[in-house]
Amino acid sequence: GDSVTQMEGPVTLSEEAFLTINCTYTATGYPSLFWYVQYPGEGLQLLLKATKADDKGSNKGFEATYRKETTSFHLEKGSVQVSDSAVYFCALTSYNQGGKLIFGQGTELSVKP
Amino acid sequence: EPEVTQTPSHQVTQMGQEVILRCVPISNHLYFYWYRQILGQKVEFLVSFYNNEISEKSEIFDDQFSVERPDGSNFTLKIRSTKLEDSAMYFCASSEGGINEQFFGPGTRLTVL
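Residues numbered from 1 in each chain as written. Chains lettered and ligands numbered in written order. Predicted model: local features only at pLDDT ≥ 70, side-chain atom pairs only at ≥ 80, totals over all residues. Heavy atoms only, no water.

A closer look at the nonpolar core
Definition in use: By convention a nonpolar core is built from buried Ala, Val, Leu, Ile, Met, Phe, Trp, Tyr and Cys residues, the set being connected through side-chain atoms within 4.5 Å. The rule is simple: take the accessible area with a 1.4 Å probe, protein chains only, and divide by the maximum for that residue type; under 20% is buried, over 50% is exposed, in between is partly exposed. Where helices and strands are cited, they refer to DSSP runs of H or I of at least four residues and of E of at least two residues respectively, numbered from the N terminus. Whether two residues touch is decided by their heavy atoms; if any such pair falls within 4.5 Å, the residues are in contact.
In terms of nonpolar packing, the biggest core is built from 27 residues, with A:Trp35, A:Leu47, A:Leu48, A:Phe73, A:Leu75 and A:Tyr88 touching the most fellow members. Breaking this core down by element, the ones donating at least two residues are β2 (11–14), β3 (19–21), β4 (23–26), β5 (32–38), β6 (44–50), β8 (62–65), β10 (86–93) and β12 (107–112) of chain A. When residues of this core are assigned to their parent elements, the largest contribution, four residues, is made by β10(A). Apart from residues lying up to four places away in sequence, A:Leu75 is in contact with A:Leu19, A:Thr20, A:Ile21, A:Trp35, A:Leu47, A:Leu48, A:Phe62, A:Glu63, A:Ala64 and A:Tyr88. Residues B:Val19, B:Phe32, B:Ile60 and B:Ile79 belong to the second largest nonpolar core, which totals 22 residues.

With respect to the layout of surface pockets
Short version of the rule: Space inside and on the surface of the protein is sampled on a 1 Å grid over the protein atoms alone, with a cavity defined as a set of points where a 1.4 Å probe fits but cannot get out and a pocket as an open set with protein on both sides within 12 Å along at least 5 of 7 lines; lining residues have an atom within 4 Å of a point. Grid points are joined across faces, edges and corners, and a volume is the space filled by probe spheres set on the points. Under the grouping applied here, Gly and all other residues not named as nonpolar or charged are polar, the nonpolar ones being Ala, Val, Leu, Ile, Met, Phe, Trp, Tyr, Cys and Pro and the charged ones Asp, Glu, Lys and Arg.
Roughly 440 Å³ of volume is contained in the largest pocket. Lining the largest pocket are 22 residues, with A:Gln38, A:Val87, B:Gln37, B:Leu39 and B:Gly40 positioned closest to its centre. For the lining of the largest pocket, the secondary structure elements donating two or more residues are β10 and β12 of chain A. Considering only residue class, the lining of the largest pocket consists of nine nonpolar, nine polar and four charged. There is about 370 Å³ of room inside the second largest pocket.

Note that every value here comes from positions in space, so none of it alone points to a role or purpose.
Below, the structure is given as structure tokens:
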């Protein structure tokens, strides 16, 4: 079945460092891809999305490009801040999945001043 | 900005008791979902609901679980006889439908003693 695999955490970076969190997926259809963020003690917030191959989603300095050839949707940010400390979830949905989201295991990011 | 709300934020119950978790989805959304996240694990799909009936349910969603939309605004998840392993964060989500983005509530932390 469809699945999402993320790089293991926790990831610890210094402020202003470059961030990459890897995400790869397996899907039989044509999924839409999402990154959700969960700040400490809070729920899930949509960070960005891409609905077709080669689309780039972006928000708050974060970017991810939908790569069909490598089945990847890696999250990047050029310069992280302490306030970016959170758990990041890659997810997919498709018509094959009836709209339900399938999540990766989450990657915890900790940014130190 | 419209948002999904959930009550209570934290529910403590004894094993074998019934609990009802409540959600108010975004008002013009048509699709409703429940997910759960056991501490430290990935977010898992439980059930989707559309047009006053269950669209899909996971294998986790056994006979102890039920969902209801008792009026035009609330969407509830009932666990009939809670088990220790039901302890988790439960998230409600809603969307306009299809593979559109889902908006999540802040979650209810359920603790079963």
